Amino acid sequence: MGCFRALICVIFPPAAVLDKGCGAILLTTLLTCVGWVPGVIAAIVFNNK
């Protein structure tokens, strides 16, 4: 994961997982709606895989 991708994870988590598939996008969007921190954590986890 590059610096730009990490910055996108923090600023707008659903945009950071667009290339990971529909499930990752939906889960990250849902967690971002619940709270910003869970969405950021999910985006970082999906991008580190």
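Residues numbered from 1 in each chain as written. Predicted model: local features only at pLDDT ≥ 70, side-chain atom pairs only at ≥ 80, totals over all residues. Heavy atoms only, no water.

> Would you take a moment to explain the side chain of Thr 28 for this structure?
Following the sequence through the fold, Thr 28 ends up in helix α3 (residues 22–34). Residue classification places Thr 28 among the buried residues on the basis of a relative accessible area of 0%. Setting aside its immediate chain neighbours within four residues, Thr 28 contacts Pro 13, Pro 14, Val 17, Gly 39, Ala 42, Ala 43 and Phe 46. (Helix = DSSP H or I, 4+ residues; strand = E, 2+ residues; numbered from the N terminus. Buried < 20%, exposed > 50% of the residue type's maximum accessible area, 1.4 Å probe, protein only. Contact = heavy atoms within 4.5 Å.)

> I'm lost on a nonpolar patch on the surface in this one. Help?
On the surface, a cluster of nonpolar side chains totalling about 780 Å² of accessible area is made up of Leu 7, Val 10, Ile 11, Phe 12, Trp 36, Val 37, Ile 41 and Val 45. Counting residues per element, the ones that place at least two in the nonpolar patch are α1 (3–11) and α4 (36–48). Broken down by element, the nonpolar patch gets its largest block of residues, 4 residues, from α4. Along the chain, the position of Val 10 falls in helix α1. (Patch = residues over 30% accessible without salt bridge, like charges linked within 9 Å, V, L, I, M, F, W, Y side chains within 5 Å. Areas by Shrake-Rupley, 256 points an atom, 1.4 Å probe, with all protein chains shown as cover. Salt bridge = Lys/Arg side-chain N within 4 Å of Asp/Glu carboxyl O.)

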